[in-house]
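# A look at the structure
In case you want the letters, here they are:
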Amino acid sequence: MTTAAQAHEAHHDHHPTGIMRWLTTTNHKDIGTMYLVFALIMFMVGGAMALAVRAELFQPGMQLMRPEFFNQLIGVHALIMIFAALMPAATGFANWLIPLQIGAPDMALPRLNNWGFWLLPPAAILLTLPFILALFGIGDGAIATGWTFYAPLSVQEGIGVDFAIFAVHLLGISSVMGSINIIVTIFNMRAPGMTMMKLPLFAWGWLITAFLLIATIPVLAGAVTMLLTDRHFGTHFFNAAGGGDPILFQHLFWFFGHPEVYILLLPVWGFIPHILSAFSRKPTYGYKAQVYSFWAIGILSLVVWAHHVFTVGMPVPALLYFMYSTMSISLPLAVLFFCWIATMWRGAMSFETPMLFATGWIILFGIGGLTGLVLADVAADAQYHHSYFVVAHFHYTLFAGGMMGMMAGTYFWLPKMTGRMYSEKLGKLHFWLTAIAFNLTFMPQFFLGLAGMPRRIPDYALQFAEFNMISSIGAFILGLSQLIFVYNIVSCIRGQGEKAADKPWEGAEGLEWTLSSPPPYHSFTVQPVVK
Amino acid sequence: MVSESGATGKIDYSITARPNCSLTPSQKIGVFIAIALFPLVVATGFTLAGAWLVFPFAGLELLALGVAFYVVHRHSTDYESITIAGNDLAIERRFYNNISRVVFNRYWTYVVLKKMPGGEHKLWLRSRGKQVEFGRYMDNEARQALASQLKRRIGATHHHYGEIGE
């Protein structure tokens with residue numbers, strides 16, 4: 001009696017080469033690579049939009065663009081960064097790492113995996129195409145409602161909203177396909193001996209992410225479809241004049257939108273412990289506590305959405321409930337912070353680029369978390385709502401907590417994925433420029449918000465000029481420093497740099513490090529047994 | 001999983017390989033229900049609040065999840081087997097509902113083991129112009145071991161070990 005790997009599908013046997021390899025591939029590593037490359041491209045596109053916004057805000061007064069175009073850039077920047085950069089990056093890591101980490105030969109449904117990816121490029125085109133159509137006099141540009149699509153503004157706006165609705169549908173379908181695949185893979189294809197409580201934390205983080213996506217994507221899909229029918233088919237779901245309720249849209253949107261924050265963060269919380277443990281040369285502290293905290297945060301994230309709409313008006317008991325429930329998320333999150341720090345405590349730490357990003361991430365994401373507590377307070381939120389304080393808060397959460405986490409993961413697993421070591425010198429330069437420029441960009445925005453500068457405005461009062469100038473300079477340094485990141489990745493993909501060992505990090509633990517760097521086309525032709 | 005047995009009764013040798021599944025069928029149903037419950041509650045709540053279009057999307061999504069579990073479940077009964085009895089070597093494969101069976105003359109069957117790019121070995125059984133691949137549920141090591149085992153048990157002495165493309 002021996003143990004064998006689960007079937008490799010017949011279509012894996014002779015994989016095509018060239019462009020057809022990428023169009024038709026069902027290999028989890030190829031699809032993971034496509035997700036990650038797509039995410040990187042869209043990160044640069046979304047980043048360029050942010051730089052255009054910051055260029056406009058460099059000085060008070062209208063400098064470079066019309067207010068309508070400014071609004072479009074803000075909205076599409078957010079949609080791209082959330083749906084086309086962060087989420088695909090997380091799915092890319094899931095595709096690459098989950099089969100390797102649980103000892104499976106591939107994802108459970110490889111064709112579904114391919115379809116899930118190829119929905120993304122059309123969605124990205126739909127999001128950005130209205131900009132180009134407007135140049136030819138078709139429509140009035142992209143969606144200008146911000147990423148939240150709030151009705152009734154979104155009911156009245158131009159064709160950019162329709163494009164965005166269809167883009168969101170495609171992105172949602174892609175996310176659901178990815179989630180279904182991850183759920184089925186993790187539950188059904190674990191190597192013998194890999195019990196649920198032996199799953200790597202990254203797999204746990206993604207499993208809960210997948211549950212959250214399954215729970216919330218239908219709500220978003222329903223909301224934007226109702227918006228579409230309000231716009232074109234005479235319904236009045238969100239039109240008060242027709243008996244509808246515009247506030248209902250806000251509740252629908254944030255029922256999806258708040259868990260979405262954790263959808264973006266849970267995969268990062270999953271892989272940061274791997275990095276901290278590897279470079280502290282200690283086992284992860286509090287594995288079970290972290291798993292239970294993931295669960296607690298996942299569940300709580302589904303019942304706290306209305307803190308995003310405190311100022312729209314709610315009964316006092318509802319305000320109190322949403323305030324306390326939101327604040328309660330800080331408890332399991334504090335457990336996670338404790339575990340991350342305890343993992344490093346008295347470890348033999350070294351600070352290679354992934355560890356620099358991981359430790360920097362803890363501090364910066366911590367600031368994002370603490371300022372979130374401020375916004376969870378109903379009374380404080382009444383003052384800070386819709387101000388730059390909120391913009392600064394969610395960038396500490398999603399750029400530092402999301403993007404910088406993804407960067408840590410990229411540097412950690414890049415040698416495994418490409419078989420080449422990146423330039424450590426450039427990696428460290430990238431970290432320091434990113435960390436300093438990030439704070440230069442977003443720390444002043446806290447002060448701007450506290451001083452009363454509203455978000456989503458292209459012009460502002462003179463009193464806000466200095467902090468805006470500092471923020472814009474920081475943004476350009478931040479944006480340009482990402483070119484170092486791109487260079488480092490491209491160098492590895494092109495085979496430059498030293499050859500990476502199978503286990504390039506001394507303290508790294510996990511099944512993926514037992515494979516060659518890069519891993520063979522089919523992972524685990526010899527199935528591992530976890531003891 | 002691979003189960004192998006030597007001579008029993010009229011059968012000289014048999015081997016059966018199946019895909020590895022971590023969940024039993026009842027566990028799959030339990031997981032599906034656990035996942036499906038919350039979206040259904042949410043969709044019902046929003047429907048009562050007037051946003052009934054959430055419900056069809058939740059339904060479609062859960063249908064897709066159910067189909068995914070069903071497809072994986074149907075594949076869990078797939079298998080490949082080789083049975084050597086008397087002069088016959090029978091290869092049986094089940095993929096979904098399709099069961100195919102090929103019977104070769106034991107003494108006129110060749111074992112073909114080829115090394116593919118990437119180091120993986122593939123195994124074929126070939127006789128009188130027909131060939132059948134075997135070992136899709138086996139790992140590389142097990143395929144090589146099976147090739148040696150079959151070499152000892154079947155008649156044709158020409159065993160082909162080579163690189164693909166030769």
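## Some words on the overall build of chain B
If you tally the helices and strands in chain B, you get 3 helices and 9 strands. Beginning at the N terminus, the succession of helices and strands in chain B can be written as β-β-α-α-β-β-β-β-β-β-α-β.

## Structural notes on the overall build of chain A
When helices and strands are tallied, chain A shows 17 helices and 0 strands. Taking 24 Å as the expected radius of gyration for a compact globule of 531 residues, we find that chain A reaches 23 Å, a close match to that expectation. Overall, the C-alpha framework of chain A stretches about 70 × 50 × 50 Å when taken along its three principal axes. Here chain A holds 531 residues, and the buried ones make up 57% of them.

## Concerning the nonpolar core
Nonpolar side chains tend toward joint burial in soluble globular proteins. Leu86(A), Leu127(A), Leu207(A), Ala223(A), Ile272(A), Ile275(A) and Ala408(A) are the most contacted members of the largest nonpolar core, which has 188 residues in total. Broken down by element, the residue count for this core peaks at 22 residues, all from helix α3 (residues 67-102) of chain A. Judged by nonpolar contacts, the second largest core, of 20 residues, contains Tyr13(B), Leu146(B), Ala147(B) and Ile154(B).

## Details of the environment of Pro60(A)
All names here are of chain A. Within the element layout of this structure, Pro 60 appears in the loop between α2 (28-56) and α3. Its 16 C-beta neighbours within 10 Å are what place Pro 60 among the partly exposed residues. Each C-alpha atom, one on Pro 60 and one on Val 291, is 48 Å from the other, the two residues being 231 residues apart in sequence. The residues contacting Pro 60, other than those within four sequence positions of it, are Asp 459, Tyr 460, Leu 462 and Ala 465.

## Structural notes on the packing of α3(A) against helix α9 (residues 246-280) of chain A
Residues and elements named next belong to chain A. Orientation of α3 relative to α9, taken along the N-to-C sense of each, is 35°, at an axis distance of 10 Å. Our pair here, α3 against α9, has a crossing hand that is left-handed. Across the interface between the two elements, Ile 82, Leu 86, Met 87, Ala 90, Phe 93 and Ala 94 from α3 touch Leu 264, Pro 267 and Phe 271 from α9. For the contact of α3 with α9, a count of residues per class yields 9 nonpolar, no polar and no charged.

## Let's talk about helix α4 (residues 110-118) of chain A
Residue and element names in this part refer to chain A. Asn 113, Asn 114, Gly 116 and Phe 117 are the residues of α4 that are buried. Projected down its long axis, α4 carries its buried residues within an arc of 160°, all on one side. The secondary structure elements touched by the buried residues of α4 are α2, α3, α5 (120-135) and α7 (159-188).

## Re unusual backbone geometry
Residues and elements named next belong to chain A. Across the junction of Ala 151 and Pro 152, the peptide omega takes the value 5°, indicating a cis bond. Note on placement: Pro 152 falls in the loop between α5 and α6 (153-156). Notably, Arg 346 is not glycine yet its phi reads approximately 55°, a positive angle. Relative to the helices and strands, Arg 346 resides in the loop between α12 (330-344) and α13 (353-376). Its identity as a non-glycine residue notwithstanding, Arg 456 has a phi of 60°, on the positive side. By the secondary structure assignment, Arg 456 is in the loop between α16 (424-450) and α17 (465-493).

## Here's the deal with the packing of α13(A) against helix α15 (residues 388-418) of chain A
All names here are of chain A. Contact geometry for α13 and α15: axes closest at 8 Å, N-to-C directions at 160°. Classed by the angle they form, the pair α13 and α15 counts as roughly antiparallel. Remark: the crossing between α13 and α15 carries left-handed chirality. Within the contact of α13 with α15, the residues separate by chemical class into 16 nonpolar, 9 polar and no charged.

## Considering the environment of Val335(A)
All names here are of chain A. Here Val 335 shows up in helix α12. Once the C-alpha coordinates of Val 335 and Tyr 292 are considered, the two residues, 43 residues apart in sequence, prove to be 9.6 Å apart. Not counting chain neighbours up to four residues away, the residues in contact with Val 335 comprise Ala 289 and Ser 293.

## Observations regarding α5(A)
One turn of an α-helix holds 3.6 residues; hence residues three or four places apart share an orientation. All names here are of chain A. An ideal rise of 1.5 Å per residue puts 22 Å on 16 residues; α5 measures up with 24 Å between its terminal C-alpha atoms. At Thr 128, α5 shows its largest kink, close to 40°, and the proline Pro 130 lies no more than four residues downstream. For α5, every residue scored as buried is listed here: Leu 120, Ala 123, Ala 124, Leu 126, Leu 127, Thr 128 and Pro 130. On the buried face of α5, the contacting elements are α2, α3, α4 and α7. Of the residues flanking the end of α5, it is Gly 137, one or two places downstream, whose phi is positive at about 80°.

## Considerations on the pairing of strand β3 (residues 79-85) of chain B
All names here are of chain B. Alternating residues of β3 divide into Glu 80, Ile 82 and Ile 84, all buried, and Tyr 79, Ser 81, Thr 83 and Ala 85, none buried. In this sheet, strand β4 (residues 88-95) lies alongside β3 in antiparallel orientation, the contact comprising 7 bridges. Within β4, the residue paired with Tyr 79 across the bridge is Arg 94. Hairpin geometry of β3 and β4 is characterised by an intervening segment of 2 residues between the two adjacent antiparallel strands and by a positive phi of about 60° at Gly 86.

Rules used in this analysis
Residues numbered from 1 in each chain as written. Chains lettered and ligands numbered in written order. Predicted model: local features only at pLDDT ≥ 70, side-chain atom pairs only at ≥ 80, totals over all residues. Helix = DSSP H or I, 4+ residues; strand = E, 2+ residues; numbered from the N terminus. Rg over C-alpha atoms; globule rule 2.2 N^0.38 Å. Buried ≥ 20, exposed ≤ 12 C-beta atoms within 10 Å, placed from the backbone. Core = buried A, V, L, I, M, F, W, Y, C linked by C-beta atoms within 7 Å. Contact = placed C-beta atoms within 7 Å. Axes fitted to C-alpha atoms, helices over the stretch in contact; angles between N-to-C directions. Left-handed = near helix turned anticlockwise from the far one by under 90°. Nonpolar A, V, L, I, M, F, W, Y, C, P; charged D, E, K, R; others polar. Arc of directions from axis to C-beta. Parallel < 35°, antiparallel > 145°, perpendicular 65-115°, else oblique. Expected span 1.5 Å × (residues − 1). Bend = angle between axes of the 7 residues up to and from the residue. Pairing = 2+ DSSP bridges.

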